[in-house]
Structures are given as C-alpha cells and as structure tokens.
Amino acid sequence: LAKTTQPISMDSYEGQEVNITCSHNNIATNDYITWYQQFPSQGPRFIIQGYKTKVTNEVASLFIPADRKSSTLSLPRVSLSDTAVYYCLVGDVGTGFQKLVFGTGTRLLVSP
Amino acid sequence: GAGVSQSPSNKVTEKGKDVELRCDPISGHTALYWYRQSLGQGLEFLIYFQGNSAPDKSGLPSDRFSAERTGGSVSTLTIQRTQQEDSAVYLCASSLALAGRSLEQYFGPGTRLTVT
C-alpha cells in the first residue's frame, strides 16, 4: 500500500507564500500526484495535478522532483480564505489505480 | 451543471440497523469513488467503480459493507448491522476517467452517519 506523509499543520500570514510537502516513497511509475483542499463540512476540492517537474495553474504550483518521491504544493500570497486542510493523493502501488491513498492532510491556518 | 449529490445529508440510526447511502455522480462521469472520513480524520478510500464494475472491494472495512452501481450512474453504499464505529461522513466522488489517468475527482457534500 502506497504511503504518503504530510506535516500535520502549518501556520502562515496573509500575503505569504506557503509550501506544503508530501512524501510518497512508493509511488508507481504511472501514478499522478493530485492535491485537494477541504473546508469544514465540505467534500475535498481539486487544486492541481501533476506527473513530474512543475505544473502551474491559476491558484497553485506543484513541484515534483525527478525521483517523484515527494511533491510540494505552493500557494502564492495566501489569504484568510485559504485556511483549510490540504491533502495529497497518489494511486496505490500495490493494486495499480484501484486503491487511492490520501495523505494525512495538512491543516493550514492563515492569520491576518 | 449539477455536481455530485448525496442523500441523505444526515442519517441517525440505531446500532444493528441497516442503512443505505446514495450517490448521484456528475452526468457522464464513468468513475465513481466512495470514501469515509471520521471526525477530524483524513479520508479513507473504500471502493471505486469503473462503469458498473468494482474491480477491488478489499478497501471495504468489513463484510457488513457493500456497494453497487447500476446503469453506470447512481451508486448505493449499504452498511448492514451498523456499529458505533461506523459513524463518520461518507463521501462520494466521480471523475471522467480512470484513476491514474485523471485523478480530478469531484466530491459530493457527504452523508453524515451517526450510529447510536
């Protein structure tokens, strides 16, 4: 079973850049890395997905090193509304894509 | 367009009773996923459907749990003889493609199950 590890929590201030790293040592060759954001009492919401190197969209960037054993979600200039739990998701090594293993989640608190 | 919907939004049941949770995915999404999230915890993957087929059911917590999907659309998660440890939020998600090709899942609001 693929295992992912994230910091439990992070604190930041408005306007700062936040980087959240996920470790996934057993990632399989065909696995993509996807990050989700979850607010209380809501289902997770897609942020960004990547396979290798760097991906950027309108809300975040995703950095993946060559060995793909980790990934870093970068949120530029966070605001109070970015306070949420952030999860990384990779496919399961053992059974291909049929089990999906979310990381433990990182609780981000953005203060004024 | 409509997103993923789940019903009921809340369910309180007595220990030992059976419950059915329903998920309506986004129209045209072939993949459907069930997760469980206990209070303050992360997401636990339960089962995944591609079309009507669930290739791997080993993620279901026990044989009291079962899931089906008919017509490539609506899915039902059934929990028999509920136990207090089954209390959690059950989340459903759907996506356009197989996991691994596209993991952009769209989640429903969840069903909060409380077993008393």
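This one's a predicted model, so the numbers in the text were calculated from it and none came from an experiment.

Student: Talk me through the overall build of chain A; I want residue IDs and the actual numbers.
Tutor: When helices and strands are counted, chain A shows 0 helices and 10 strands. Its helices and strands in sequence order give chain A the pattern β-β-β-β-β-β-β-β-β-β, from N to C terminus. On C-alpha atoms alone, chain A measures out to a radius of gyration of 14 Å, which is about the 13 Å that the 2.2 N^0.38 rule sets for 112 residues. A burial count over chain A gives 46% of its 112 residues as buried. Taking as baseline every contact in chain A between residues at least 6 positions apart, the subset at least 24 positions apart corresponds to 56%. Counting only carbon and sulfur atoms, one obtains 51% of the accessible surface of chain A, whose full area is about 5500 Å². Chain A carries 9 positive and 8 negative side-chain charges, and their two centres are separated by 7 Å.

Student: Requested: an account of the pairing of strand β5 (residues 43-50) of chain B, with residues and values cited.
Tutor: Residue and element names in this part refer to chain B. Of all 8 residues that make up β5, 6 are buried, and the element is covered over most of its length. Relative to β5, strand β4 (residues 31-37) runs antiparallel, the two being bridged by 7 bridges. Residue pairing across strands places Leu32 opposite Phe49, the latter belonging to β5. Count of turn residues in the β4/β5 antiparallel hairpin: 5 residues, of which Gly40 carries a positive phi of about 70°.

Student: Give a description of the sheet that holds strand β6 (residues 61-64) of chain A that names residues and reports values.
Tutor: Residues and elements named next belong to chain A. Pairing in this open sheet of 4 strands is antiparallel, and the strands run β2-β7-β6-β5 from one edge to the other. A strand with exactly one partner marks an edge of an open sheet, and here the two such strands are β2 (18-23) and β5 (53-56). On average, each strand axis in the sheet is inclined to that of its neighbour by 15°, with strand direction left out of account.

Student: Can you tell me about the side chain of Thr34(A), naming the residues and giving the values?
Tutor: The topology assignment puts Thr34(A) in strand β3 (residues 33-38). Side chain to side chain, Thr34(A) and Gln49(A) meet in a polar contact 3.1 Å long.

Student: Requested: an account of the packing of aromatic side chains, with residues and values cited.
Tutor: Residues and elements named next belong to chain A. Evaluated as defined, the whole model comprises 6 aromatic pairs over all chains. Ring centres of Tyr36 and Phe46 lie 6.1 Å apart, and the angle between their planes is 80°; on these two criteria the pair is classed as edge-to-face. Residue Tyr36 is found in strand β3, and its partner Phe46 is found in strand β4 (residues 45-50); the two are separated by 10 residues along the sequence. According to the relative accessible area criterion, Phe46 is partly exposed, its value standing at 25%.

Student: Let's hear about the sheet that holds strand β7 (residues 75-79) of chain B: which residues, and what values?
Tutor: Residues and elements named next belong to chain B. Pairing in this open sheet of 4 strands is antiparallel, and the strands run β1-β3-β7-β6 from one edge to the other. One side of each edge strand has no neighbouring strand; the edge strands of this open sheet are β1 (5-7) and β6 (65-69). When the angles between neighbouring strand axes are averaged without regard to direction, this sheet yields 15°. Looking at chain direction, strand β3 (residues 19-24) and β7 are connected through 5 bridges and run antiparallel. Each residue of the ladder has a partner; that of Leu21, found in β7, is Leu77.

Student: Tell me about the state of the cysteines, and name the residues and values.
Tutor: Following the criterion strictly, the structure yields 2 disulfides over all chains and no others. The side chain of Cys22(A) participates in a disulfide bridge whose partner is Cys88(A); the two sulfur atoms lie 1.8 Å from each other. Placement of Cys22(A) in strand β2 and of Cys88(A) in strand β8 (residues 84-91) is noted, with a sequence separation of 66 residues between them. Here Cys23(B) is linked by a disulfide to Cys92(B), with a sulfur-sulfur distance of 1.8 Å. Judged by the sign of its S-S torsion, about -65°, the bond between Cys23(B) and Cys92(B) is left-handed. With a gap of 69 residues between them, Cys23(B) in strand β3 and Cys92(B) in strand β8 (residues 88-95) connect regions that are remote in the sequence.

Student: Outline the nonpolar core, supporting the account with residue identities and numerical values.
Tutor: Nonpolar side chains in soluble globular proteins tend to be buried together. Trp34(B), Ile47(B), Phe49(B), Leu77(B) and Tyr90(B) are the most contacted members of the largest nonpolar core, which totals 21 residues. Of all the elements in the fold, those that place two or more residues in this core are β3, β4, β5, β6, β7, β8 and β10 (111-115) of chain B.

Definitions and limits used
- Residues numbered from 1 in each chain as written.
- Chains lettered and ligands numbered in written order.
- Predicted model: local features only at pLDDT ≥ 70, side-chain atom pairs only at ≥ 80, totals over all residues.
- Heavy atoms only, no water.
- Helix = DSSP H or I, 4+ residues; strand = E, 2+ residues; numbered from the N terminus.
- Rg over C-alpha atoms; globule rule 2.2 N^0.38 Å.
- Buried < 20%, exposed > 50% of the residue type's maximum accessible area, 1.4 Å probe, protein only.
- Contact = heavy atoms within 4.5 Å.
- Areas by Shrake-Rupley, 256 points an atom, 1.4 Å probe, with all protein chains shown as cover.
- Lys, Arg positive; Asp, Glu negative; His and termini not counted.
- Charge placed at Lys NZ, Arg CZ, Asp CG, Glu CD.
- Pairing = 2+ DSSP bridges.
- Axes fitted to C-alpha atoms, helices over the stretch in contact; angles between N-to-C directions.
- Polar contact = N/O pair within 3.5 Å; in protein donor to acceptor, adjacent residues only side chain to side chain.
- Phe/Tyr/Trp six-rings, centres within 6.5 Å; stacked < 30°, edge-to-face > 60°.
- Disulfide = S-S within 2.5 Å.
- Core = buried A, V, L, I, M, F, W, Y, C linked by side-chain atoms within 4.5 Å.

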